[in-house]
Amino acid sequence: MRVQGVSYRTVWMDRGVVNMIDQRALPFHFAIVSLPTYRDTAEAIRDMTVRGAGVIGVAAGYAMAQAVLEAPPASFDDAMATAESVLRATRPTAQNLFYAIERMRASLSGCRDAAQRRAQAVACAQAIADEDAAAGEAIGMCGQAILGASATVITHCNAGWLAFADWGTALAPIYQAHREGKRIHVYATETRPRSQGAKLTAWELAQEGVPCTIIPDTAAGSVIRRGLITCVIVGADRIAANGDVANKIGTYPLAVLAQTHRVPFYVAAPTTTIDLACATGDAIPIEERSEEEVLWVTGLTADGRLERVRIAAADARARNWAFDVTPASLITALITNRGIIAAEPRAIRDIMRAHPSGVTALIP
Ligand code: MRU
């Protein structure tokens, strides 16, 4: 990914310190925060300094590595159990968080001593990050094939490179197509209440030179009905074994609109986002966040100050579910790092058995 022409990953670790782009400050300020302990990194996941399913997993892998580096050898198992439970409590819907914690734990199980554990933890966390970036690139290559010489795409929230170590998922096919010279225009839904579409997607597309128009979430129906849209591509926070998808709140109504107007609706995600333990979307835990995010907004004043203002009456109350579930029946296909597949149980089982490096296009 490029920021003002310089290549970055969203999160990286250097000598035990986790560094990340501060997504709370974007698009107004580009800042890097450095987090010396696993508790700092866990807090950055919880407070959404870093957000987006893939990179939450990457950050969790690095946090587990920090926990290994910090753990006293005499009480290693207790220290790691505490670190795991702190991390598990940060964001409940993002499957990649749990994938990373479990993979880190499994990778440490055969280690003989503290030195080996430390080396293994750092190597495994780095592998999780590198594979996340590679998966995004593969999704881009698979997914760009669905975009013709020109396309107008609606995306929701931010499933771009800010939501992964690099490349992203929903935006990866757009970046690949753009680099191949295809004419792509993106409509980014604003994504209330935290505005990831307006604040993050529009910003990162601009960094890559992809034309983008922000629309209010409420405008999507009208834009689709007017025939302006070639397809919808969104990301996923967790995919159930039957193909139901949990993604940012507002994804489900977009899928209903797409079906009503016969516009293809694609979900792009790495296989690490698939949770075979959830039989259907009903089993996916849906994070509910503070009502403050609905009742207040943060933005830049005309004289350049970040300010938080209330947008509802002082005694108004709100609910703030962060994700919704889109049933598999509304999904045209899943664009994964191992190919494009139908959102149905058998195709999902098959792709989870496939060799990690095998990219096969199984377009339904
Ligand atoms: O709450 P967030 O910002 O962490 O939500 C994640 C998302 O941005 C979206 O749901 C996205 O489409 C999937 S993350 C790759």
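Please read these numbers as outputs of a predicted model, since none were measured by experiment.

**Topic: unusual backbone geometry**
For the peptide bond that leads from Leu26 to Pro27, omega is 5°, which places it in the cis range. Tracing the chain through its elements places Pro27 in the loop between strand 4 (17-21) and strand 5 (32-35). Here Gln4, not a glycine, exhibits a phi torsion of approximately 45°, which is positive. Relative to the helices and strands, Gln4 resides in the loop between strand 1 (2-3) and strand 2 (6-7). At Thr191, a position not held by glycine, the phi torsion is positive, near 70°. Position of Thr191 among the secondary structure elements: in the loop between strand 7 (183-189) and helix 7 (196-207).

**What about the nonpolar core?**
Counting 41 residues, the largest nonpolar core has Met20, Tyr62 and Met104 as its most contacted members. Mapped onto this core, the elements with two or more residues apiece are strand 3 (11-14), strand 4, helix 1 (38-46), helix 2 (53-70), helix 3 (76-88), helix 4 (95-108) and helix 5 (114-144). Tallying contributions element by element places helix 2 first for this core, with 12 residues. Beyond its immediate stretch of four places on either side in the chain, Met104 contacts Gly61, Met64, Ala65, Ala121, Cys124, Ala125 and Ile128.

**Points about the confidence of the model for the chain**
Caution is warranted with low-pLDDT regions, since their predicted coordinates should not be read in detail. Model confidence for the chain is summarised by a mean pLDDT of 96, while 97% of its residues fall at 70 or above. Predicted confidence for residues 356-364 stays below pLDDT 50, and this span has 20 contacts to residues more than four positions away or in other chains.

**Comments concerning the site of the ligand**
Residues in close proximity to the ligand total 17 residues, the closest being Arg51, Arg91, Asp237, Asn247 and Lys248. At a separation of 2.4 Å, an oxygen atom of the ligand approaches a polar side-chain atom of Arg51. The pocket occupied by the ligand, as judged from atoms lying within 2 Å of grid points, is the largest cavity. Among the residues forming the shell around the ligand, the class breakdown is 8 nonpolar, 5 polar and 4 charged.

Rules used in this analysis
Per chain, residues are indexed from 1 in the order of the written sequence. Given that this is a predicted model, residues contribute local features only at a pLDDT of at least 70 and side-chain atom pairs are listed and counted only at 80 or more, while totals for whole chains, interfaces and linings are drawn from all residues. Note: side-chain values were computed over all heavy atoms of the structure, leaving out hydrogens and water. Strands are runs of DSSP state E lasting at least two residues, helices are runs of H or I lasting at least four, and both sets are numbered from the N terminus onward. Residues enter a nonpolar core if they are buried and are Ala, Val, Leu, Ile, Met, Phe, Trp, Tyr or Cys, with the set joined through side-chain atoms within 4.5 Å. Exposure classes here rest on a 1.4 Å probe applied to the protein chains alone. A residue is buried below 20% of its type maximum, exposed above 50%, and partly exposed in between. Should any heavy atoms of two residues lie within 4.5 Å, those residues are considered in contact. For every residue, the pLDDT score states the predictor's confidence, bounded by 0 at the bottom and 100 at the top. Only heavy atoms are used to decide nearness, and a residue is near a molecule or strand if one of them lies within 4 Å of it. Polar contact is the term for a pair of N or O atoms within 3.5 Å; when the atoms are in protein, one must be able to donate a hydrogen and the other to accept it, and sequence-neighboring residues count only if both atoms are side-chain atoms. Only protein atoms enter the 1 Å grid, on which a cavity is a set of points fitting a 1.4 Å probe that cannot get out and a pocket is an open set with protein on both sides within 12 Å along at least 5 of 7 lines, lining residues being those with an atom within 4 Å of a point. The rule for placing a molecule in a cavity or pocket is simple: more than half of its atoms must lie within 2 Å of the grid points. Polar here means any residue outside two lists: the nonpolar Ala, Val, Leu, Ile, Met, Phe, Trp, Tyr, Cys and Pro, and the charged Asp, Glu, Lys and Arg; Gly therefore counts as polar.

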